[in-house]
Amino acid sequence: MYQAYDSWPNISDVAFKKKCEKIHYKGIKHIVFAGMGGSGHISDVFYSIFSKTKIYVDVVKGYHLPHTVDNNTLVIPISISGNTVETLSILRDAKKKKCKIVAFSSGGKIKEFCRKNKIEHRSVPFIHTPRASFAGTLYTMLNVLEPILPINKKEIIRSIETLKKINKKIATSNLSNSNPSLNLAYWIKKSPLIYYPWGLESPSIRFKNSLQENAKLHVITEDIIESCHNGIVAWEKNSTIQPILIQGEKDYIKTKERWRVIKKYFKKNKIDYWEINSVKGDILSKMVSLIYQLDYTSIYKAILTKTDPTPIHSINFIKQNIE
Ligand SMILES: O=P(O)(O)OC[C@H]1O[C@@H](O)[C@H](O)[C@@H](O)[C@@H]1O
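All values reported here derive from a predicted model rather than from experimental measurement.

Draft legend 1. Here's a closer look at the overall build of the protein chain. Each helix and strand in the protein chain was counted, giving 13 helices and nine strands. Against the compact-globule benchmark of 20 Å for 323 residues, the protein chain has a radius of gyration of 20 Å, which places it among compact chains. Principal-axis analysis of the C-alpha atoms gives the protein chain an extent of 60 × 45 × 40 Å. Here the protein chain holds 323 residues, and 54% of them are scored as buried. Of the contacts formed within the protein chain by residues at least 6 apart in sequence, a portion of 77% connects residues at least 24 apart.

This is the structure we're talking about:
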């Protein structure tokens with residue numbers, strides 16, 4: 001699996017530069033990104049990219065489209081395998097509701113449905129597993145959707161440069177104590193509780209899911225501001241949980257205050273915590289570099305606990321037992 005991750009910068013570069021048929025819809029006011037697991041994380045990344053525009057964006061991780069969709073809505077189903085039942089259901093729903101559609105998959109039933117129904121479809125590379133295919137899929141989509149994105153080409157290229165830069169620190173070519181992904185993997189001994197700020201939900205949820213699928217660990221995520229109104233109280237009892245604080249370089253001033261106070265609280269109560277800071281720069285660079293760094297932590301954690309990161313028997317069990 002790690003070979004696929006070691007190649008992310010190169011895979012991203014190739015995917016973004018590949019000649020492709022771009023999407024040019026004009027005047028779109030509502031976009032729905034739909035996908036599960038790793039494809040859902042890609043939806044979350046797009047949600048953050050669009051968050052500062054007047055375009056209304058929904059992310060659906062399930063079977064149904066919101067009732068607000070119509071023929072002016074652009075629905076973007078994403079399934080790397082092309083066979084995820086929830087995403088197929090969204091595709092059928094979008095066709096029924098006469099939405100504009102562009103679907104992404106490496107093949108499978110999604111591609112077949114699009115072919116039969118003359119629906120726009122673009123292929124993404126399947127590399128090892130859907131979760132390891134994140135970079136190839138994201139940068140293929142950024143390439144295809146570029147004309148309708150609120151960020152420009154330079155920003156996307158800068159994010160690939162950021163991946164190249166951090167690869168040297170976090171990939172398997174550096175297994176020294178200067179590798180931040182490996183250091184965090186050593187530090188995690190119990191179930192992590194990941195605190196995140198507004199805007200960095202996508203890398204935080206991704207980190208949770210990667211630790212769950214790769215290292216087979218229970219993980220919790222909490223929004224830092226909301227947690228100060230409920231979750232924080234649970235620390236009053238001895239806990240079998242370790243807090244990880246994912247902080248954004250440009251966090252809102254009140255969020256920065258919250259980080260300061262929660263750290264004071266942890267110190268006062270002798271609770272050991274781990275801090276992660278986003279890189280400086282654009283939102284896309286911030287998100288992909290955090291996802292890259294933290295995905296490595298999940299793989300290193302698996303290896304340190306002699307767990308094979310690839311198999312996902314429990315997910316297969318569920319899939320085999322549903323219609
Ligand atoms: O992108 P796909 O193929 O629809 O898969 C979605 C998710 O499906 C799950 O069942 C996989 O195990 C996840 O790893 C994956 O991300």
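Draft legend 2. Summary view of the sheet that holds strand 9 (residues 274-277). The strand order across the open sheet formed by four strands is 7-6-8-9, and the pairing between neighbours is parallel. On the outer flanks of this sheet lie strand 7 (220-223) and strand 9, each paired with one strand and no other. Shown here is a sheet whose adjacent strand axes are inclined to one another by a mean of 25°, direction ignored. Relative to strand 9, strand 8 (residues 241-247) runs parallel, the two sharing four bridges.

Draft legend 3. Spotlight on the packing of aromatic side chains. For the coordinates displayed, the defined rule picks out 13 aromatic pairs. Centre to centre, the rings of Trp235 and Phe266 are 5.4 Å apart; their planes meet at 80°, and the pair counts as edge-to-face. Of this pair, Trp235 sits in the loop between helix 10 (224-227) and strand 8 while Phe266 sits in helix 11 (residues 253-268), and the two are 31 residues apart along the sequence. Exposure remark for Trp235: the relative accessible area of 10% places this residue in the buried category.

Draft legend 4. A look at helix 8 (residues 180-187). Those residues of helix 8 that fall on the buried side of the exposure criterion are Ser181, Leu182, Leu184, Ala185 and Trp187. Contacts made by the buried residues of helix 8 are with helix 7 (153-170), helix 9 (201-215), strand 8, strand 9 and helix 12 (283-304). The residue sitting at the N-terminus of helix 8 and contributing the capping side-chain oxygen is Asn179; that oxygen lies 2.9 Å from the backbone nitrogen of Ser181.

Draft legend 5. Seen up close, the site of the ligand. Around the ligand, the structure places 14 residues, and the nearest of them are Gly38, Ser39, Ser79, Ser81 and Thr84. Taking Gly38, its main chain carries an N or O atom lying 2.6 Å from an oxygen atom of the ligand. Against a free-state accessible area of 390 Å², the protein chains account for coverage of 94% of the ligand. For the shell around the ligand, the elements supplying multiple residues, two or more each, are helix 3 (37-50) and helix 13 (313-320). With three residues, the single largest contributor to the shell around the ligand is helix 3. In the shell around the ligand, the residues fall into five nonpolar, six polar and three charged.

Draft legend 6. Summary view of the pattern of salt bridges. One pass over the full model with this rule turns up 15 salt bridges. For Arg122, the salt bridge is made with Glu21, and the minimal N-O distance between the two is 4.0 Å. Of the two residues, Arg122 sits in strand 5 (residues 120-123) while Glu21 sits in the loop between helix 2 (8-17) and strand 1 (30-34), which places them 101 residues apart along the sequence. In this structure Glu21 comes out as exposed when scored by relative accessible area, which is 56%. Counted as one network, the salt bridges with shared partners bring together Asp13, Lys17, Glu161 and Lys164.

Draft legend 7. Here's a closer look at the pairing of strand 3 (residues 73-79). Within strand 3, seven of the seven residues are buried, which leaves it mostly tucked inside the rest of the structure. Judged from the five bridges that link them, strand 1 and strand 3 form a sheet pairing that is parallel. Residue pairing across strands places Ile31 opposite Leu74, the latter belonging to strand 3. One ladder, built from four bridges, connects strand 3 with strand 4 (residues 100-105); its direction is parallel. When the sheet's bridge partners are listed, Val75 is paired in strand 4 with Ile101. A crossover connection joins strand 3 to the parallel strand 4 through helix 4 (residues 85-96); in handedness this β-α-β unit is right-handed.

Draft legend 8. Broad picture of the environment of Asp251. Within the secondary structure, Asp251 is located in the loop between strand 8 and helix 11. A C-alpha to C-alpha distance of 29 Å links Asp251 and Ile28, two positions 223 residues apart in sequence. Residues within four places of Asp251 in sequence aside, it is in contact with Pro197, Lys256 and Trp259. In this structure the side chain of Asp251 is engaged in a polar contact, spanning 2.8 Å, whose partner is the side chain of Trp259.

Draft legend 9. Up close: the environment of Leu200. With respect to the helices and strands, the residue Leu200 is situated in the loop between strand 6 (191-196) and helix 9. Once you skip the residues sitting within four places of it in the chain, Leu200 turns out to touch Ile246, Gln247, Gly248, Ser278, Met287 and Leu290.

Draft legend 10. Region of interest: unusual backbone geometry. Positive phi values are uncommon outside glycine, yet Lys118 reaches one of about 50°. Along the chain, the position of Lys118 falls in the loop between helix 5 (108-117) and strand 5. On the accessibility criterion, Lys118 (77% relative accessible area) is exposed. In this model, Lys270 sits at a positive phi of 55°, which is unusual for a non-glycine residue. Within the element layout of this structure, Lys270 appears in the loop between helix 11 and strand 9. Given the relative accessible area of 76%, Lys270 is considered exposed.

Cut-offs applied
Counting of residues starts from 1 at the beginning of each chain's written sequence and follows it residue by residue. Local features are withheld for residues below a pLDDT of 70 in this predicted model, meaning they are given only at 70 or higher, and side-chain atom pairs are given and counted only at 80 or more; totals for whole chains, interfaces and linings count all residues. Hydrogens are left out, water is left out, and the side-chain values use all remaining heavy atoms of the structure. Strands are runs of DSSP state E lasting at least 2 residues, helices are runs of H or I lasting at least 4, and numbering of each runs from the N terminus. Computation of the radius of gyration draws on C-alpha atoms, with the globule rule given as 2.2 Å multiplied by the number of residues to the power 0.38. Throughout, exposure labels follow a simple rule: accessible area from a 1.4 Å probe, protein chains only, divided by the maximum for the residue type, with under 20% read as buried, over 50% as exposed, and the rest as partly exposed. In what follows, residue pairs with any heavy atoms lying within 4.5 Å of each other are defined as contacts. Two strands pair under a simple rule: DSSP has to find at least two bridges between them. To obtain an axis, a line is fitted to C-alpha atoms, over the contacting stretch when the element is a helix, and the angle between two such axes runs from 0 to 180 degrees between their N-to-C directions. Classification of ring pairs rests on two measures: the distance between centres of Phe, Tyr or Trp rings, Trp counted by its six-membered ring, which must be within 6.5 Å, and the angle between planes, read as stacked under 30 degrees, edge-to-face over 60 and tilted in between. Polar contact criterion, stated in full: a pair of N or O atoms within 3.5 Å, where within protein one must be able to donate a hydrogen and the other to accept it, and residues adjacent in sequence count only if both atoms are side-chain atoms. Throughout this document, a residue counts as near a molecule or strand when at least one of its heavy atoms sits within 4 Å of that molecule or strand. Shrake-Rupley sampling with a 1.4 Å probe provides the accessible areas, and residues are treated as covered by the protein chains on show and by no other component. In this classification, the charged set is Asp, Glu, Lys and Arg, the nonpolar set is Ala, Val, Leu, Ile, Met, Phe, Trp, Tyr, Cys and Pro, and all remaining amino acids, among them Gly, are polar. A pairing counts as a salt bridge when a side-chain nitrogen of Lys or Arg comes within 4 Å of a carboxyl oxygen of Asp or Glu. The handedness of a crossover follows from its direction of travel: if, with the strands pointing away from the viewer, the path from the first strand over the helix to the second runs clockwise, the crossover is right-handed.

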